[in-house]
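# Coordinate analysis (summary)
Chain by chain, the residues:
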Amino acid sequence: MVHDRIHARRPSHHVDRWSVGTIESVGERDGHCVVDVETPDGETVELVVTLAVRDLFVARLDLDGDDSPVGERVWYREHGG
């Protein structure tokens, strides 16, 4: 399976290749993490990443304890983007 990319912080490399959005939801499907991100235009993009990537980007968000990542800003690249 091909996965998308997601970062909790603005990337320092190839910045023009990344899009920014706000997390609407984080869930699991078929052993993968599914992140719905709202774009600045109000559209929803579904990103599929590994559970390890989910753990990494959520850990890098500025959250207190068990706070939800919903509403946090992230940078992402869809596969092939």
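For the structure, check the block above.
Values in this document were obtained by computation on a predicted structure and should not be read as measured data.

### Focus on the environment of Leu-51
One can find Leu-51 in helix 1 (residues 51-60). Judged by relative accessible area, which is 28%, Leu-51 ranks as partly exposed. Measuring from C-alpha to C-alpha, the distance between Leu-51 and Val-34 comes to 9.1 Å, with 17 residues separating the pair along the chain. Apart from residues lying up to four places away in sequence, Leu-51 is in contact with Glu-28, Gly-31, His-32 and Cys-33.

### Concerning the sheet that holds strand 4 (residues 44-49)
Strands belonging to one sheet form pairs held by backbone hydrogen bonds; the direction of such a pair is parallel or antiparallel. The 5 strands are arranged 1-5-2-3-4 in an open sheet whose pairing can be described as antiparallel. The two strands at the open ends of the sheet, each matched to only one other strand, are strand 1 (5-7) and strand 4. Averaged over all adjacent pairs, the angle separating strand axes in this sheet is 40 degrees, with direction ignored. Bridging between strand 2 (residues 19-29) and strand 5 (residues 73-77) involves 4 bridges; their strand directions are antiparallel. Opposite Thr-22, over in strand 5, you have Arg-73 as the bridge partner.

### Remarks on the side chain of Arg-54
Residue position: Arg-54 is located in helix 1. Residue classification places Arg-54 among the buried positions, given a relative accessible area of 19%. Once residues lying within four places of it in the same chain are set aside, the contact partners of Arg-54 are Val-26, Glu-28, Cys-33 and Val-49.

### Looking at the pattern of salt bridges
On inspection of all chains with the given rule, the structure shows 3 salt bridges. In this structure, Arg-54 engages Asp-55 in a salt bridge whose closest nitrogen and oxygen atoms are separated by 3.0 Å. Judged by relative accessible area, Asp-55 falls into the partly exposed class, the value being 46%. Several salt bridges share partner residues, and in doing so they unite Glu-28, Arg-54 and Asp-55 into one network.

### Overview of a negative patch on the surface
A cluster of like negative charges, contributed by Asp-62, Asp-64, Asp-66 and Asp-67, occupies part of the molecular surface. Within the secondary structure, Asp-64 is located in the loop between helix 1 and strand 5. With relative accessibility at 59%, the residue Asp-64 sits in the exposed group.

The rules we used
- Residues numbered from 1 in each chain as written.
- Predicted model: local features only at pLDDT ≥ 70, side-chain atom pairs only at ≥ 80, totals over all residues.
- Heavy atoms only, no water.
- Helix = DSSP H or I, 4+ residues; strand = E, 2+ residues; numbered from the N terminus.
- Buried < 20%, exposed > 50% of the residue type's maximum accessible area, 1.4 Å probe, protein only.
- Contact = heavy atoms within 4.5 Å.
- Pairing = 2+ DSSP bridges.
- Axes fitted to C-alpha atoms, helices over the stretch in contact; angles between N-to-C directions.
- Salt bridge = Lys/Arg side-chain N within 4 Å of Asp/Glu carboxyl O.
- Patch = residues over 30% accessible without salt bridge, like charges linked within 9 Å, V, L, I, M, F, W, Y side chains within 5 Å.
- Areas by Shrake-Rupley, 256 points an atom, 1.4 Å probe, with all protein chains shown as cover.
- Lys, Arg positive; Asp, Glu negative; His and termini not counted.
- Charge placed at Lys NZ, Arg CZ, Asp CG, Glu CD.

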